[in-house]
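# Coordinates in review
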Amino acid sequence: MENTGDKSELLHRVDAFFERHRHIFLWLVFIASAVVSLLLFDPKVSLSGDDSDYIIHAYNFAEYFAFPSFRGPLYPIVLAPFVKVFGINLTLLKITSFVFIILSLFFLYKAFYKRIPTSVLFPVLLLSGINAHLMYYSGQTFSEPMFLLLQSLLLYLFAEYFADNDQTGQRNLRPGVLTGRQISRYLIFSFVILLLSLTRSIGYIAIGAAVLLFLAYKQYRNALYSGVAFVFWFQLYAFFKKLIWPYSGSAYTFDYYLAKDAYNQSQGNEDFFGILRRIFENTEGYISGDIPRFMGLVPDESKETSIVWL
């Protein structure tokens, strides 16, 4: 029989080693990420057009205070001060993307430190930091790096504000209370969800995920208070947007998502079976295409897809 005690002792010693040198390993992650980012750096805009759109909207906001209605508005607004001061300096704008990704790795570290073994945490951070598919975005002006930063910050806030460990090591959620300190936490947590949503519209699902998680743990007050706080911030945002930019509109209306062709809405909307087909095709593309390539499980040039992944 295997000696489980020896294995446990070995894992404990490995964790202790990572724990003693955690600051060194964290800097190793940052340095390795910087090297990979530099090797992948491209001083030009891509051919997709999305990144150049963000720059154009940042310029229009900086010069004309025009609200960036197309795509997520927050990222161009964040770029706008850099454009205002330094002009359209592609290298500087791309450096902000690198900073966002480094900060996202830092907040991932903060979110999971002392919650998972350090022998797992640091290898995962390092593999993420040297992943070419991830670090590609560190040299582009896409909104993904900023979204990653806000997503990691949200995980950190959730862990700090709501996660708890009892004396047996069982992970639980703290019960909802309406003290002054906890109210501020609900407001901060839900405000970051709003920022996440204004960066990329898929971020709106985060409030639903948080509420469902609270409900699963029977934390009904946490679910209610977080939901109410998010509605408060969203209504406040909608009010000021309507007040300051009454004719700005939004690219992401319900018709936009239902359209057969988002760039040519004269083709009409999808029917029920068309929506099902779209869900199936997108799921197949991500499960057997993008995700395995991102994880290095299939070659980048592979074109084969399957709904069951591999």
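Each remark here, short or long, concerns the structure printed above.
In this report, we go over the structure that sits alongside the text. These numbers come from a predicted model, not from an experiment.

A cluster of nonpolar side chains, contributed by F65, F232, L236, F239, F240, L243 and I244, occupies part of the molecular surface with about 680 Å² of accessible area. Take F239: it is sitting in helix α11 (residues 220–244).

One can describe the packing of helix α9 (residues 180–199) onto α11 by two numbers: an axis separation of 8 Å at closest approach and a directional angle of 55 degrees. In terms of their interaxial angle, α9 and α11 are classed as oblique. Judged by the twist between their axes, the crossing of α9 over α11 is right-handed. Here Y186, L187, F189, S190, F191, I193, L194, S197 and L198 of α9 lie close against α11, whose contacting residues are N222, Y225, S226, A229, F230, F232, W233, F234 and Y237. Partitioned by chemical class, the residues of the contact of α9 with α11 number 14 nonpolar, 4 polar and no charged.

What follows concerns unusual backbone geometry. Positive phi outside glycine occurs at K114, with the angle close to 70 degrees. Topologically, K114 is positioned in the loop between α5 (90–112) and α6 (118–129). Despite not being glycine, K218 has its phi angle at roughly 60 degrees, a positive value. Structurally, K218 is set in the loop between α10 (205–216) and α11.

Attention shifts here to helix α4 (residues 74–86). Given a rise of 1.5 Å per residue, 13 residues ought to cover 18 Å, and the 19 Å separating the end C-alpha atoms of α4 matches this to within 8%. Along its length, α4 shows its largest kink, about 30 degrees, at A80, and proline P81 lies within four residues downstream of that point. Within α4, burial applies to L74, Y75, P76, L79, A80 and V83. Where α4 is buried, its residues contact α3 (50–64), α5, α8 (144–161) and α9. One or two steps after α4, the chain reaches G87, where phi turns positive at roughly 75 degrees.

A word on the nonpolar core. If you look at soluble globular proteins, the nonpolar side chains tend to sit buried side by side. L154, F162, F189 and I193 are the most contacted members of the largest nonpolar core, which has 36 residues in total. Mapped by element, the contributors of at least two residues to this core are α3, α4, α5, α8, α9, α10 and α11. Top contributing element to this core by residue count: α8, with 9 residues. Ranked by size, the runner-up nonpolar core spans 12 residues in total, among them F18, F25, F30 and L105.

About the cut-offs
- In every chain, residue numbers begin from 1 and rise along the written sequence.
- With pLDDT at 70 or above as the cut-off, local features in this predicted model cover only qualifying residues; side-chain atom pairs require 80 or more to be listed or tallied, and sums for whole chains, interfaces and linings still use all residues.
- To get the side-chain values, take all heavy atoms of the structure and skip hydrogens and water.
- Any residue with relative accessible area above 30% and no salt bridge may belong to a patch, with like charges joined within 9 Å and the nonpolar Val, Leu, Ile, Met, Phe, Trp and Tyr side chains within 5 Å.
- Residue-level accessible areas treat just the shown protein chains as cover; the underlying method is Shrake-Rupley with a 1.4 Å probe.
- For this document, the term salt bridge refers to a Lys or Arg side-chain nitrogen within 4 Å of an Asp or Glu carboxyl oxygen.
- Numbered from the N terminus, helices here are DSSP runs of H or I no shorter than four residues, and strands are runs of E no shorter than two.
- Comment: axis = line fitted to C-alpha atoms, over the contacting stretch for helices; angle = value between 0 and 180 degrees taken between N-to-C directions.
- We call two directions roughly parallel when the angle between them is under 35 degrees, roughly antiparallel when it is over 145, roughly perpendicular when it lies between 65 and 115, and oblique otherwise.
- Should the near helix be turned anticlockwise from the far one by less than a right angle, the crossing is termed left-handed; should it be turned clockwise, right-handed.
- We call two residues in contact whenever any of their non-hydrogen atoms come within 4.5 Å of each other.
- Side-chain classes are defined by residue name, with Ala, Val, Leu, Ile, Met, Phe, Trp, Tyr, Cys and Pro counting as nonpolar, Asp, Glu, Lys and Arg as charged, and the others, Gly among them, as polar.
- An expected span of 1.5 Å times one less than the residue number is assigned to each helix.
- In this scheme, the bend at a residue equals the angle between the axes fitted to the seven residues that finish there and the seven that begin there.
- A 1.4 Å probe rolled over the protein chains alone gives each residue an accessible area, and that area as a share of the maximum for its type sets the label: buried under 20%, exposed over 50%, partly exposed in between.
- Residues belong to one nonpolar core when they are buried, are Ala, Val, Leu, Ile, Met, Phe, Trp, Tyr or Cys, and are joined through side-chain atoms within 4.5 Å.

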